Amino acid sequence: MAMKFPMASAFVKMFIKSWINQVEDCEVLEEVYESFSVALTHTEPQIGYKIYTFDGGSHYHATKETVAMCSKGTTGLRTWQACLALCQWATDNNHIFKNKKVIELGCGVGLLGCVISHLCDQITLTDYHESVLKAARHTLEVNSVSNGTVSVLDWSDSCDEEDSVDIVVAADVVFDPTLVPHLVTTIKRKLSSTKDADEPRVAYICSTIRNKETYSTFLNEVCEQGLTISEIDLSRLKCVYLFGTDTIKLVKLKIQPGAN
């Protein structure tokens, strides 16, 4: 798998260093130190594959990501913590997505959409930046996802095509207060897209709280636009890629009865 999906040397260094630290009381094979030394000398562009699994190895998901916080004018070319948390939560609660049609807002490189594709009937990954859309399409392709598509979606465009969906998901999309009204409007529009639904449409939005004011702006906008909000407890979430979930919040949104 490592030959098919080569990792950036920075990812290799981070993994080996973390692993060595965790087994420091045990004897470490000399080959491990040799691999670490080789990774230290590599200077190739810092982009490569990461391999994830959230179900004990039944499914593996490969994404091609950058090491940089921001690349090509966007932060969407790497996977962030809230995405990892939502991937794990969705896998643990897979019954929620069974036979559902799902849309993801701000899909980034496409890890969340790839994970949920194994749980749902159909999923559409959306984003706006062309480099991000290209990365998401690549993720679906290399993971042989047949029930997923990638589409451009501008949250500020009130005339985007209204497709019927059952569930809206998004991770790490609450970061710019100027985009929050457009984000919430888009969520509400997608939740309202099916008028004769047998059950309420729902949205699951997962966020890393980096700025409390920005997140408060999001919560206030949700209430102002007539959506109900309930927080989902993540305190017992077990994800090997996360060192705790104290700064991660997952909320469930629905349309209030009678809301316009």
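All of the points below concern the structure found in this document. This is a predicted model, so every value here is computed, not measured.

The rules behind the values
Just so you know, the residues in each chain are numbered from 1, in the order the chain's sequence is written. Only residues with pLDDT of at least 70 are given local features in this predicted model, and only at 80 or more are side-chain atom pairs given and counted; all residues enter the totals for whole chains, interfaces and linings. Side-chain measures were taken over the full set of non-hydrogen atoms in the model, leaving aside hydrogen atoms and water. Working definition: helices are DSSP H or I runs of at least four residues, strands are E runs of at least two. Numbering for both runs from the N terminus. To sort residues, take the accessible area from a 1.4 Å probe on protein chains only and compare it with the maximum for the residue type: under 20% means buried, over 50% means exposed, and anything in between is partly exposed. A contact between two residues is defined here by any heavy atoms of the two lying within 4.5 Å. The method behind every accessible area is Shrake-Rupley, applied with a 1.4 Å probe, and residues are considered shielded solely by the protein chains displayed. N or O atoms closer than or at 3.5 Å make up a polar contact, with two conditions inside protein: a donor-capable atom paired with an acceptor-capable one, and, for residues adjacent in sequence, both atoms drawn from side chains. Two strands qualify as a pair provided that DSSP identifies no fewer than 2 bridges between them. How far a helix is expected to stretch is found by multiplying one less than its residue total by 1.5 Å. Note that the arc is computed from the directions linking the helix axis to the C-beta atoms. One side-chain nitrogen of Lys or Arg within 4 Å of one carboxyl oxygen of Asp or Glu is enough to make a salt bridge. Throughout, nonpolar core names a set of buried Ala, Val, Leu, Ile, Met, Phe, Trp, Tyr and Cys residues whose side chains join them through atoms within 4.5 Å. Only Phe, Tyr and Trp rings are paired, with Trp represented by its six-membered ring, and only when their centres lie within 6.5 Å; those with planes under 30 degrees apart are stacked, over 60 edge-to-face, the remainder tilted. We count a charge as sitting over a ring when the NZ of a lysine or the CZ of an arginine lies within 6 Å of the ring centre and within 35 degrees of the ring normal.

Examining the overall build of the protein
Inference 1: Scanning the protein from N- to C-terminus turns up 7 helices and 9 strands.
Inference 2: Sorting the 260 residues of the protein into buried and exposed places 47% on the buried side.
Inference 3: Within the protein, residue pairs in contact and separated by at least 24 positions form 70% of the contacts whose partners lie at least 6 positions apart.
Inference 4: Roughly 14,000 Å² of accessible area belongs to the protein as shown, and the carbon and sulfur atoms make up 52% of that amount.

A look at the side chain of T186
Inference 1: Within the fold, T186 resides in helix 6 (residues 180-191).
Inference 2: Among the residues examined, T186 registers a relative accessible area of 0% and is labelled buried.
Inference 3: In this structure the side chain of T186 is engaged in a polar contact, spanning 3.2 Å, whose partner is the backbone oxygen of W155.
Inference 4: Once you skip the residues sitting within four places of it in the chain, T186 turns out to touch L105, L153 and W155.

Let's talk about the pairing of strand 7 (residues 202-208)
Regular strands place their side chains on alternate faces of the sheet.
Inference 1: Here strand 7 lies mainly inside the structure; 7 of its 7 residues are buried.
Inference 2: Residues of strand 7 alternate between two faces, with V202, Y204, C206 and T208 on one and A203, I205 and S207 on the opposite face, all of them buried.
Inference 3: Looking at chain direction, strand 6 (residues 167-171) and strand 7 are connected through 5 bridges and run parallel. The partner of A170 across the bridge, within strand 7, is I205.
Inference 4: In the sheet, strand 7 pairs with strand 9 (residues 248-255) via 6 bridges, with the strands oriented antiparallel. Within the sheet, the bridge partner assigned to A203 lies in strand 9 and is L253.

Examining helix 7 (residues 212-224)
Inference 1: With 13 residues, helix 7 should cover 18 Å at 1.5 Å per step; its first-to-last C-alpha distance of 18 Å lies within 8% of that length.
Inference 2: Listed as buried for helix 7 are T214, Y215, F218, E221 and V222. The buried residues of helix 7 occupy one face: seen down the axis, they fall within an arc of 120°. Along helix 7, the residues that are exposed and aim more than 90 degrees away from the buried face are K212, E213 and E224.

Some points on the pattern of salt bridges
A side chain with one charge can pair with a side chain of the opposite charge if their charged atoms come near.
Inference 1: Summed over the entire model, instances satisfying the criterion amount to 4 salt bridges.
Inference 2: R210 is paired through a salt bridge with D172; the nearest N and O atoms lie 3.4 Å apart. One end of the pair, R210, is in the loop between strand 7 and helix 7; the other, D172, is in the loop between strand 6 and helix 6, with 38 residues separating them in the sequence.
Inference 3: Classification of R210 as exposed rests on a relative accessible area of 52%.
Inference 4: By relative accessible area, D172 is classed as buried at 14%.
Inference 5: A salt bridge links E231 to K249; the nearest nitrogen and oxygen atoms lie 3.5 Å apart. Pair noted here: E231 is in strand 8 (residues 227-232) and K249 is in strand 9, with a separation of 18 residues, a long-range link.
Inference 6: Its relative accessible area of 28% is what places K249 among the partly exposed residues.

Description of unusual backbone geometry
Inference 1: Even without glycine at this site, N99 takes up a positive phi of about 60°.
Inference 2: Judged by relative accessible area, N99 falls into the exposed class, the value being 61%.
Inference 3: Phi angles above zero are rare outside glycine, and D172 is one such case at about 55°.

Thoughts on the nonpolar core
Inference 1: The biggest cluster of nonpolar side chains holds 41 residues, and the ones touching the most others in it are W89, F97, I116, V169 and Y204.
Inference 2: Those elements that provide at least two residues to this core are helix 3 (81-92), helix 4 (111-117), strand 4 (122-127), helix 5 (130-142), strand 6, strand 7 and strand 9.
Inference 3: Dropping the residues within four chain positions of it, Y204 is found in contact with L86, W89, I96, I167, V168, V169, A170, I232, L250, V251 and K252.
Inference 4: Of all hydrophobic cores here, the second largest spans 22 residues; its members include W155, V168, V173 and I205.

Considering the packing of aromatic side chains
Inference 1: One pass over the structure, following the stated rule, counts 6 aromatic pairs.
Inference 2: Relative to Y241, the ring of Y52 has its centre 5.2 Å away and its plane inclined at 75°; by these criteria the two rings are edge-to-face. Residue Y52 is found in strand 1 (residues 47-52), and its partner Y241 is found in the loop between strand 8 and strand 9; the two are separated by 189 residues along the sequence.
Inference 3: Residue classification places Y52 among the buried residues on the basis of a relative accessible area of 5%.
Inference 4: Ring centres of F54 and Y241 lie 5.4 Å apart, and the angle between their planes is 65°; this geometry places the pair in the edge-to-face category. Residue F54 is located in the loop between strand 1 and strand 2 (61-66), and its partner Y241 is located in the loop between strand 8 and strand 9; the two are separated by 187 residues in the primary sequence.
Inference 5: Since its relative accessible area comes to 5%, F54 is described here as buried.
Inference 6: Owing to a relative accessible area of 26%, Y241 belongs among the partly exposed residues under this scheme.
Inference 7: Following the ring pairs from residue to residue traces out a cluster consisting of Y52, F54 and Y241.
Inference 8: Positioned over the ring face of W80 is R78, at 4.6 Å from the centre of the ring.

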